[in-house]
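# Coordinates in review
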Amino acid sequence: MKMGHAAAAIIALASSAAVLTLTLVFAVTGGEAPQLAGAMTSGSVAASGSVNVVTTILLDFRSLDTLGEASVIFASVACVGVLFRGSRRIGTEPGLGVLVRRSVGYLSALFLLFPLYIVAHGHLSPGGGFQGGVSLAVLLILLTVAYGSRPMATAVDPSRLHMTESLSALGFLMAGFVGVLQGTSFLANAAAGFPRGVPGSLLSGGLIPVLNAIIGVKVASGLGSIFFDFQSERGE
Amino acid sequence: MGLEVVFLGLLVLIVVSALGAVLVRGYITSVVVLSVFSVLTTVSFAFMHAVDVAMAEAAIGAGLMTAIFVTAIDRIRGQR
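Residues numbered from 1 in each chain as written. Chains lettered and ligands numbered in written order. Predicted model: local features only at pLDDT ≥ 70, side-chain atom pairs only at ≥ 80, totals over all residues.

## Focus on the overall build of chain B
Secondary structure summary: chain B contains 3 helices and 0 strands in total. Listing every helix and strand of chain B by position from the N terminus yields α-α-α. The C-alpha atoms of chain B give 15 Å as radius of gyration, which overshoots the globular expectation for 80 residues (12 Å, by more than 25%). Considering only C-alpha atoms, chain B reaches an extent of 55 × 25 × 10 Å along its principal axes. Among the 80 residues that make up chain B, the fraction classed as buried is 24%. (Helix = DSSP H or I, 4+ residues; strand = E, 2+ residues; numbered from the N terminus. Rg over C-alpha atoms; globule rule 2.2 N^0.38 Å. Buried ≥ 20, exposed ≤ 12 C-beta atoms within 10 Å, placed from the backbone.)

This is the structure in structure tokens:
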């Protein structure tokens, strides 16, 4: 083993040991955080009308942080787009045999229902816009591998995906500015007059299902366009 | 008690698969071992009742990341 490799291994081991020790120390001694955690978990249904506490924290209490995460995806999609600029957006994946194509075709209907369900029930059950959007992007990849790049590129225009992603990012911001126009904070949910609904029903949670749908479209189109960019060829 | 032993074994398997992804020969094999690592991490998240995180890890780690890594490796080979 080279000298540099040994040094890197020692640094990695030392830092992971330090992180592990610190985590254990904090877990044993505890901090001030449990008070805040208790307030967030006990008051979440009353605050937003969504039964899923995780979604309430992500899209109501801490929706500005979610906007930050969404902008990280936006930045990475934009960077990949810049790296592959000037290349033809259509890959040369030939696709698989007729047996695989037919079975993937039949499966894709079920596969499409799964992300739609995950996104629509994000405020009721585990999951949400991010998980559903990633599943939708995986469906795009599965269809590309099975049917080949060229039929996929005619069905889903890869350059349209970039535009869809940018538009849904804009939609997230617009949904946030409703709260500002109502005189409360940015990305406010119940305070901005969005109806809470009956907790546990499909139409509840105010702004949360809307944000889930927007994030689902954004993540699916963003991650799908990253894959299509990686597949594309240098133009001649 | 029995469940904790299973969880401990799972954690050991996660470390083994992470080491395997680094040490194994060949890029594609390494990516496949990395997706095994992701699946094991998903199971451990589900064990800890963090189903939201488990779903994200399953879709990103096992599905999307493998596809993007394989495509990237394919492109690098094509340019040589």
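Text resumes after the structure shown.
## Comments concerning unusual backbone geometry
Residues and elements named next belong to chain A. In this structure, leucine 187 takes a positive phi of about 65° despite not being glycine. With respect to the element layout, leucine 187 can be found in the loop between helix 9 (158-181) and helix 10 (208-231). A residue is classified by how many C-beta atoms lie within 10 Å of it, and leucine 187, with 23 of them, is buried.

## Things to note about the packing of helix 1 (residues 2-23) of chain B against helix 2 (residues 27-47) of chain B
All names here are of chain B. It is the contact of helix 1 with helix 2, at a shortest axis distance of 9 Å, that shows an interaxial angle of 160°. By the angle between their axes, helix 1 is roughly antiparallel relative to helix 2. Relative to helix 2, helix 1 is oriented so that their crossing is left-handed. Between helix 1, through Phe7, Leu10, Leu11, Leu13, Ile14, Ser17, Ala18, Gly20 and Ala21, and helix 2, the contact on the second element is made entirely by Ser30, Val33, Leu34, Val36, Phe37, Leu40, Thr41, Val43, Ser44 and Phe47. (Axes fitted to C-alpha atoms, helices over the stretch in contact; angles between N-to-C directions. Parallel < 35°, antiparallel > 145°, perpendicular 65-115°, else oblique. Left-handed = near helix turned anticlockwise from the far one by under 90°. Contact = placed C-beta atoms within 7 Å.)

## Let's talk about the interface of chain A and chain B
Taken together, the contact between chain A and chain B spans 16 residues of the former and 13 residues of the latter. Of the residues forming the side of chain A that touches chain B, the biggest block, 7 residues, is contributed by helix 7 (residues 129-147) of chain A. The residue makeup of the side of chain A that touches chain B, split by class, is 11 nonpolar, 5 polar and no charged. (Nonpolar A, V, L, I, M, F, W, Y, C, P; charged D, E, K, R; others polar.)

## Section: the environment of histidine 123 of chain A
Relative to the helices and strands, histidine 123 of chain A is located in the loop between helix 6 (98-120) and helix 7. Separated by 82 residues in sequence, histidine 123 of chain A and glycine 205 of chain A place their C-alpha atoms 6.8 Å apart.

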